Amino acid sequence: MQETKPKLNSSNYYSLEMDRQYMSVSQLKNWNECEASAMAYLSGEIRKEPNAAMLVGSYTHAAFESEQAFSDFIEENNSVIFKKNKSKYADYEQADLMIETLRNDPFAMFAMEGEKEQIYTANAFGIDWKMKVDSINHERMLFTDLKTTRNLFERSWSEKYDGWVSFVERWDYVLQMAMYRKIIEVNTGELYTPYIVAVSKEKIPNKAVIYFDESRFDFEYEWVQMKLERINEVRSGEVGPVRCEKCDYCKSTKKLSAPIEVGELIYV
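Note that the structure is a prediction, hence the values are computed from the model and not measured.

Engineer: Can you help me understand the overall build of the protein in this one?
Structural biologist: When its secondary structure is counted, the protein shows 13 helices and seven strands. A compact globule built from 268 residues should have a C-alpha radius of gyration of about 18 Å, and the protein, at 20 Å, falls within 12% of that. In terms of principal-axis extent, the alpha carbons of the protein reach across some 55 × 50 × 40 Å. Across the protein, every contact between residues at least 6 apart in sequence was considered, and the portion connecting residues at least 24 apart equals 61%. About 16200 Å² of surface is accessible on the protein, with carbon and sulfur atoms providing 50% of the total. On the protein, the mean spot of the 34 positive side-chain charges and the mean spot of the 44 negative ones are 5 Å from each other.

Engineer: Looking at this model, I keep getting lost on the pattern of salt bridges. Mind explaining?
Structural biologist: When their charged atoms lie close together, side chains carrying opposite charge are able to pair. Going through the model one piece at a time under the given rule, you end up with 16 salt bridges. One salt bridge connects Asp19 with Lys130, and the closest N-O pair in it is separated by 2.7 Å. Within this pair, whereas Asp19 is found in helix α1 (residues 16–21), its partner Lys130 is found in strand β2 (residues 127–137), the two being separated by 111 residues in sequence. Of the residues examined, Asp19 reaches a relative accessible area of 4% and is grouped as buried. Lys130 sits in the buried class, given a relative accessible area of 2%. Within this structure, Asp19, Lys48 and Lys130 form a network of salt bridges that share partners.

Engineer: What is the right way to look at the sheet that holds strand β1 (residues 115–124) in this model?
Structural biologist: Picture the strands of a sheet paired through backbone hydrogen bonds; they go either parallel or antiparallel. The strand order across the open sheet built from five strands is β1-β2-β3-β6-β7, with neighbouring strands paired in mixed fashion. Each edge of the open sheet is held by one strand with a lone partner, namely β1 and β7 (207–210). In this sheet, neighbouring strand axes are inclined to one another by 35 degrees on average, regardless of whether the strands run parallel or antiparallel. Pairing analysis gives three bridges linking β2 to strand β3 (residues 142–149), with the strands arranged antiparallel. When the bridges of β3 are listed, Ser135 appears paired with Thr144.

Engineer: Help me understand the pairing of β2 in this model?
Structural biologist: Two faces belong to every sheet, and in a regular strand the side chains alternate between them. Most of β2 sits out of view: 10 of its 11 residues are buried. Where β1 and β2 come together, nine bridges link them in antiparallel fashion. Residue pairing for β2: Tyr120 is matched across the bridge by Met131. What sits between β1 and β2 in their antiparallel hairpin is a turn of two residues, with Phe125 showing a positive phi close to 60 degrees. Remark: four residues form the turn of the hairpin made by β2 and β3, two consecutive strands paired antiparallel; Met141 in that turn has positive phi of roughly 55 degrees.

Engineer: What is the right way to read the environment of Lys130 from this model?
Structural biologist: Through-space distance from the C-alpha of Lys130 to that of Ser71 is 26 Å; in sequence the pair is 59 residues apart. A distance of 2.7 Å separates a polar atom in the side chain of Lys130 from a polar atom in the side chain of Asp19.

Cut-offs and rules
Residues numbered from 1 in each chain as written. Predicted model: local features only at pLDDT ≥ 70, side-chain atom pairs only at ≥ 80, totals over all residues. Heavy atoms only, no water. Helix = DSSP H or I, 4+ residues; strand = E, 2+ residues; numbered from the N terminus. Rg over C-alpha atoms; globule rule 2.2 N^0.38 Å. Contact = heavy atoms within 4.5 Å. Areas by Shrake-Rupley, 256 points an atom, 1.4 Å probe, with all protein chains shown as cover. Lys, Arg positive; Asp, Glu negative; His and termini not counted. Charge placed at Lys NZ, Arg CZ, Asp CG, Glu CD. Salt bridge = Lys/Arg side-chain N within 4 Å of Asp/Glu carboxyl O. Buried < 20%, exposed > 50% of the residue type's maximum accessible area, 1.4 Å probe, protein only. Pairing = 2+ DSSP bridges. Axes fitted to C-alpha atoms, helices over the stretch in contact; angles between N-to-C directions. Polar contact = N/O pair within 3.5 Å; in protein donor to acceptor, adjacent residues only side chain to side chain.

Written out as structure tokens, the structure is:
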């Protein structure tokens, strides 16, 4: 008899149990960054805790989910958001400015119209996936994800793309949109169009609604299949995980055994 997975919902979506049951874009990114850390998390050796930047991001997302969701988030994280004098910490004052920047833009708000925080699962490339989309509009056959960034036009060097890239590629948002599109297609039988609504953390926030040339997704699907082949080998115990020696897990468990040459500080 085939084992039935526990039902995925908003309460357990981010739980370790569900991360063991389903692959996700965030988990795939963790595997790509450090196999040892990803395995340590799945085995229960380390816990995944939200950092300050993630909490500010969740605050911003909650503002566009619903008034109730925003109110609940503020109540649950009151001590993190407010100082003793009841004023907000600088990061949350900045977030309020970013929220207002988008709320005052009709096109940005139009792009985010739809059902909020919808959960989907699907089998793709031989493995079960989970996703939670910020906004999905079935009538228009599109979905939208809200992203915050330091600067809309900042560029970074990417080994994955072997060139200079925008913040969208830097943080693997093309990968995210590609996989969301695939999972939604499995569920609906239709190809939905993805968009990113982006707002910057500058003194005067910048904003944009970003679309994707569909040809970008082909590379991401090939990359995912290549990575999954290795991940499955590590998860099954066929091969051991590789340490990155840069993440918090590797730093906290590191044991020196030999010196390194200067060049290894750049190329390792």
